[in-house]
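Chains, contacts and geometry: an overview
The chain contents come next:
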Amino acid sequence: MEVMNKYWTIKTTIEDAPKEADFDLKTSTLALSLDPGSKEMIVKNLYLSIDPYQLNRMKSSSSSQKTGGFATGISPGQEIEAFGVARVVASDNPEYEKGELVAGLVTWAEYSKIGSNGIIRKLDPMGFPLSYHVGILGFSGLTAYAGFLEVCKPKRGEKVFVSAASGSVGNLVGQFAKLHGCYVVGCAGSKPKVQLLKEKLGFDEAFNYREETDLNSTLKRYFPDGIDIYFDNVGAEMQEAAVANMNTFGRVAVCGVISEYTDSGKRAAPDMLDVIYKRIKIQGFLAGDHIGLFQEFISTTCDRLRSGELCPLEDISDGLDSIPFAFAGLFRGDNIGKKMVKIAEE
């Protein structure tokens, strides 16, 4: 038995903000029979995570590509990997049976073939929607949890600033910070997003960075006593302003620098004298660094979800065809919360 499998590739390397025209929808025949002993399996993709870091993989060159793993470069015509939730439709892997749900690295496609060394695991939905396992219970959630608790090491009452606070990670950092007893201010790119942060997610304050002409003064206004923790999803001048307003022994968790992904001329240049004399820690990190926390993260987050203390924020597009528009929308600021695409019915 075989199926016609649709999948997306890039037409050429993408150096600036991505456009729908940069992608090519291809179709190939995929046999659902597997060679005995291959330990491969074929999965039908149900939900796919749409993430900004993928753009750096699509460039002709990026320093991130040298780190390997999830960050390796993608060539034109090559299938594009992404985190997702899927159902096994054929398996020669003794650890997986047809019909089981899995979560892990799949592709921008209707079906994906997973090798014997694929990054995949069995998924128990635990009574939650499958979409949660792409977002709040997936790598976005782990990134927020580990980045805030392990990198920032917050103390109750500390003052926290979160950039891109309505995004997939930022919204969760703000919620974790409030649960930890911190004062939290977020920034976002529209009035509705700012309202959502304050009215739905419980941020103490929020502002629209597009309406601010002097970020340094803006942060002084919201943090008259200084910033203890800055969770950075933006980079560039936002990071500079945050560091200028940090308190002694402040911590900066650098999760992403989305403003720099589409503008090679933008680079953060914080005042290094501030960093030295205030003893500020600036640390980049990846969710994979903290995979050992996964079970703790899942247990804690599930409890918070069941108690209503955490609010999932999802932005779901429908159908494989919507992937390029959804991806490009990340860099226009279209998404509110975790951006994902629903490929097929559960």
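- An unreviewed UniProt entry lists the protein under the name 2-alkenal reductase (NADP(+)-dependent)-like, from Rhodamnia argentea.

**Description of the nonpolar core**
- Ranked by internal contacts, the top residues of the largest apolar core, which has 42 residues, are Leu-137, Phe-148, Val-160 and Phe-231.
- Where this core is concerned, the elements lending two or more residues are helix H2 (139–152), strand S8 (159–162), helix H3 (170–179), strand S9 (183–188), helix H4 (191–199), strand S11 (227–232) and helix H9 (294–307).
- The element best represented in this core is H2, accounting for seven residues.
- With sequence-adjacent residues up to four places away left out, Phe-148 is seen in contact with Thr-143, Lys-153, Pro-154, Val-160, Val-173, Phe-176, Ala-177, His-180, Cys-182, Ile-229 and Phe-231.
- With 30 residues, the next largest nonpolar core counts Met-41, Ile-50, Val-88 and Val-106 among its residues.

**Topic: the sheet that holds S11**
- A sheet is described by the order of its strands in space; here six strands give the open sequence S10-S9-S8-S11-S12-S13, paired in parallel fashion. The open sheet is flanked by strand S10 (205–208) and strand S13 (281–284), the only strands paired with a single partner. Direction aside, the axes of adjacent strands within the sheet are offset by 15 degrees on average.
- Sheet topology note: the S8/S11 ladder contains three bridges and is parallel. If you follow Phe-161 over to S11, its bridge partner there is Tyr-230.
- Against the sheet, H2 contacts S8, S11, strand S12 (246–254) and S13, and its axis sits at roughly 145 degrees relative to S11.
- Lying over the sheet, helix H5 (residues 215–222) contacts S8, S9, S10 and S11, oriented at roughly 160 degrees with respect to S10.

**Points about the pattern of salt bridges**
- Inspection of every chain in the model, using the stated rule, returns 15 salt bridges.
- Taking the shortest distance from any N to any O, the salt bridge between Lys-266 and Glu-237 comes out at 3.5 Å. Of the two residues, Lys-266 sits in the loop between helix H7 (258–261) and helix H8 (272–277) while Glu-237 sits in helix H6 (residues 236–244), which places them 29 residues apart along the sequence.
- With a closest N to O distance of 3.8 Å, Glu-260 and Arg-267 form a salt bridge.
- Glu-260 sits in the buried class, given a relative accessible area of 13%.
- Classification of Arg-267 as exposed rests on a relative accessible area of 52%.

**Comments concerning the packing of H2 against H3**
- Orientation of H2 relative to H3, taken along the N-to-C sense of each, is 45 degrees, at an axis distance of 9 Å. Accordingly, the angle class assigned to the pair H2 and H3 is oblique. The way H2 lies across H3 gives a crossing that is right-handed. Facing Ser-140, Gly-141, Ala-144, Tyr-145 and Phe-148 of H2, the residues of H3 in contact are Leu-172, Val-173, Phe-176 and Ala-177.

**A short note on the packing of aromatic side chains**
- Taken as a whole, this structure holds 15 aromatic pairs when the rule is applied.
- Considering the side-chain rings of Phe-23 and Trp-108, the 5.7 Å spacing of their centres and the 45 degrees angle between planes classify their relative orientation as tilted. Of this pair, Phe-23 sits in strand S2 (residues 23–31) while Trp-108 is found in the loop between strand S5 (101–107) and strand S6 (111–114), placing the two residues 85 residues apart along the sequence. Trp-108 matches Phe-23 in its accessibility class, with the two residues each being buried.
- Here Phe-161 and Tyr-230 contribute two aromatic rings whose centre-to-centre distance is 5.1 Å and whose plane-to-plane angle is 15 degrees, an arrangement assigned as stacked.

**Details of the environment of Leu-201**
- Structurally, Leu-201 can be placed in the loop between H4 and S10.
- Residue Leu-201 is classed as buried on the basis of its relative accessible area of 7%.
- Sequence spacing of Leu-201 and Glu-309 is 108 residues, and the spatial spacing of their C-alpha atoms is 9.6 Å.
- Excluding residues that lie within four positions of it along the chain, Leu-201 makes contacts with Asn-171, Gln-175, Leu-196, Cys-311 and Leu-313.

**Section: the packing of H2 against H9**
- In contact at an axis separation of 10 Å, H2 and H9 are set at 100 degrees when each is read in the N-to-C sense. Considering their axes alone, H2 and H9 lie roughly perpendicular with respect to each other. Contacts between H2 and H9 involve Gly-141, Leu-142 and Tyr-145 from the former and Phe-294, Glu-296, Phe-297, Thr-300 and Thr-301 from the latter.

Thresholds applied
- Position numbers for residues count from 1 along each chain, tracking the sequence in the order it is written.
- Selection of residues for local features in this predicted model requires a pLDDT of at least 70, selection of side-chain atom pairs for listing and counting requires 80 or more, and totals for whole chains, interfaces and linings are taken over all residues.
- In computing side-chain values, all of the structure's heavy atoms are included and hydrogens and water are not.
- What is meant by a nonpolar core is a set of buried Ala, Val, Leu, Ile, Met, Phe, Trp, Tyr and Cys residues, joined one to another through side-chain atoms within 4.5 Å.
- Each residue gets one of three labels from its accessible area relative to the maximum for its type: buried under 20%, exposed over 50%, partly exposed in between, using a 1.4 Å probe on protein chains only.
- Segments assigned H or I by DSSP are reported as helices when at least four residues long, segments assigned E as strands when at least two residues long, and all are numbered from the N terminus.
- Contacts were defined at the residue level, with two residues in contact if any of their heavy atoms lie within 4.5 Å.
- Here a strand pair is declared whenever DSSP counts at least two bridges between the two strands.
- For helices, the fitted axis covers only the stretch in contact; all axes are lines through C-alpha atoms, and the angles between them, taken along N-to-C directions, range from 0 to 180 degrees.
- We count a salt bridge whenever a side-chain nitrogen from Lys or Arg sits within 4 Å of a carboxyl oxygen from Asp or Glu.
- Note on angle classes: values under 35 degrees are labelled roughly parallel, values over 145 roughly antiparallel, values of 65 to 115 roughly perpendicular, and the remainder oblique.
- A crossing counts as left-handed when the near helix is turned anticlockwise from the far one by less than a right angle, and as right-handed when that turn is clockwise.
- Aromatic contacts are taken between Phe, Tyr and Trp rings whose centres are within 6.5 Å, Trp giving its six-membered ring; a plane angle under 30 degrees counts as stacked, one over 60 as edge-to-face, and the others as tilted.

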